[in-house]
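A structural walkthrough
Letter by letter, the chains look like this.
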Amino acid sequence: MQYVNIKNKSINLKHKNRYGQIQNISFSARYVKRDTYIDTVKGIGIIFMVWGHAYGPFKHWIYLFHMAIFFIASGILWDNKNISNIKKCKEFFIRKITTLWLPFVLCNGFFNVMHNTFLKTGIYSDNPNFTRLVRDVQEYRNVQETFIAVFKNFFFAGGSQLGGATWFLRTLFCVSIIYMCLIYFSDKFNIKKYTIPLSIVICMAGAEIVSRYKLVFPLGMHCFFAAYLAFLSGVIIHKINIMDKIYRNKYKVSIVTFLLLCVLNNFGSVNMSSGKITNPLFFLTVSILGWFMLYSIASYPYIKENRLLVFIGQHTLGIMLFHLLAFKIVTFVYLFLSNEKMLLLATFPVIKNVQFLWLPYTVIGIAVPLIPGILFNICKKLYIKGGK
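Residues numbered from 1 in each chain as written. Predicted model: local features only at pLDDT ≥ 70, side-chain atom pairs only at ≥ 80, totals over all residues. Heavy atoms only, no water.

So, about the overall build of the protein. For the protein, the count of helices and strands is 15 helices and four strands. Per-residue burial over the protein gives 45% buried out of 388 residues. At a minimum sequence separation of 6, the contacts of the protein that also span at least 24 residues come to 74%. For the protein, the exposed area adds up to about 21,300 Å²; of that, 64% sits on carbon and sulfur atoms. (Helix = DSSP H or I, 4+ residues; strand = E, 2+ residues; numbered from the N terminus. Buried < 20%, exposed > 50% of the residue type's maximum accessible area, 1.4 Å probe, protein only. Contact = heavy atoms within 4.5 Å. Areas by Shrake-Rupley, 256 points an atom, 1.4 Å probe, with all protein chains shown as cover.)

Printed below as a string of structure tokens:
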């Protein structure tokens, strides 16, 4: 468990114990315990994400659930207090602006401002004969083109090559705000009990149409339907209070879900960023199985209190934003040591077909983005120690 500072306040809580019994808790304290299981699940999930982007082994299997679990986690953590009144809705909206929209703008804005510098240093390539190794050959931009690219980022548009993973921030923002609005108004009109079932039907139909006809919508909204389904799964998992049962049967659950995912891996595929899924039912099944598997593993002794996994899980944003840039360090070192042409530095996202190179890509892709957070924590501890 980890302690979270919430300031000195009197707190009244209704708590469900692991047997579903409601207990009233009233206390005055500065710290409350935080369940770190979800942080651990997110830590494992972000490692899988970097592993998959590094083209490590079992990539196809990892892609079945590795991004869906983050939407499920958001659904599980949803609190109806967010829509208790219009003031709470505004506060929730502002939080999503600061935690999702702002990182998207700053990250992609930085990469777009640095676009020409990346071309000059070889991180990007403008060589038209390089398309086999680079998804998108880049071109130099003038001031006006750079301004337009950055301006688009303010509207969740544009993006950047190295900021490719930020599609998640844009999608989660849309999912969260739309869910907030739907629940708020359905509660006002007393139709709340129909909202989630109807949303599931609409999203399953939408996900099927997008995937079958390979539709592409503005602002990356083609991945919205699948993401919303995963989010709703998290909301339902929280409502039925099944996580304690998984905890008590963690070894059985982890083995069974792992085996089922291995079997289902032969019958379909998932690519959430493009909205391509075998079908909505398959997607929901592998997503929920993936969540149950990782949550049960996170409940293992020596894993549930693993400080490294918890720390990684609490700093997934930095890894998501900057792991693709961190990959360039590994690419540069490999090219230097193997006397290969530095032209290959622009290879995106990684150099493939080199045995075990995915491993340093994964380690560096996770470790380097964590450095600012580690330094901040060290400075914070030194400051607190100095204050004493």
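On we go.
Here we come to helix H9 (residues 224–240). Between the first and last C-alpha of H9 there are 24 Å, a value that for 17 residues agrees with the 24 Å anticipated at 1.5 Å per step. Along H9, the positions that sit buried rather than exposed are Phe-224, Ala-226, Ala-227, Tyr-228, Leu-229, Ala-230, Phe-231, Leu-232, Ser-233, Gly-234, Val-235 and Ile-237. Check the buried side of H9 and you find it contacts helix H3 (68–76), helix H7 (167–188), helix H8 (192–213), helix H10 (243–248) and helix H12 (280–298). Residue Asn-241 follows H9 closely and has a positive phi angle near 55°. (Expected span 1.5 Å × (residues − 1).)

Residues Ile-329, Phe-332, Val-333, Phe-336, Leu-337 and Met-342 make up a contiguous nonpolar surface patch of roughly 590 Å² in combined accessible area. Looking at the secondary structure, you find Val-333 in helix H14 (residues 316–337). (Patch = residues over 30% accessible without salt bridge, like charges linked within 9 Å, V, L, I, M, F, W, Y side chains within 5 Å. Salt bridge = Lys/Arg side-chain N within 4 Å of Asp/Glu carboxyl O.)

Take the pattern of salt bridges next. Applying the stated criterion across every chain, the model contains two salt bridges. Among the salt bridges present, the one from Glu-91 reaches Lys-88, with a minimum N-O distance of 4.0 Å. On the criterion of helical spacing, the pair formed by Glu-91 and Lys-88 is a turn pair, its members being three residues apart in helix H4 (residues 86–113). A relative accessible area of 36% places Lys-88 in the partly exposed class. Note that Arg-212 is salt-bridged to Glu-208, the shortest N-O span being 2.8 Å. Taken together, the positions of Arg-212 and Glu-208, both in helix H8 and four residues apart, correspond to about one turn of that helix. Accessibility expressed as a relative area gives 55% for Arg-212, which makes it exposed. The class for Glu-208 is partly exposed, based on a relative accessible area of 22%.

This part covers the environment of Ile-237. For Ile-237, the position within the fold is in helix H9. Distance from Ile-237 to Ile-288, taken between C-alpha atoms, is 9.1 Å for residues 51 residues apart in sequence. With sequence-adjacent residues up to four places away left out, Ile-237 is seen in contact with Ile-72, Ile-76, Ile-242, Met-243, Trp-291 and Phe-292.

Tallied over the entire structure, the rule returns 34 aromatic pairs. Here Phe-332 and Phe-336 contribute two aromatic rings whose centre-to-centre distance is 6.5 Å and whose plane-to-plane angle is 15°, an arrangement assigned as stacked. Of this pair, Phe-332 and Phe-336 both sit in helix H14, separated by four residues, roughly a single helical turn. Residue class for Phe-332 comes out partly exposed when judged on its relative accessible area of 40%. Residue classification places Phe-336 among the exposed positions, given a relative accessible area of 56%. Directly above the ring of Tyr-55 sits Lys-59, whose terminal nitrogen or CZ lies 4.8 Å from the centroid. Positioned above the aromatic ring of Tyr-63 is the side chain of Lys-59, whose terminal nitrogen or guanidinium carbon lies 4.2 Å from the ring centre. (Phe/Tyr/Trp six-rings, centres within 6.5 Å; stacked < 30°, edge-to-face > 60°. Lys NZ or Arg CZ within 6 Å of the ring centre and 35° of its normal.)

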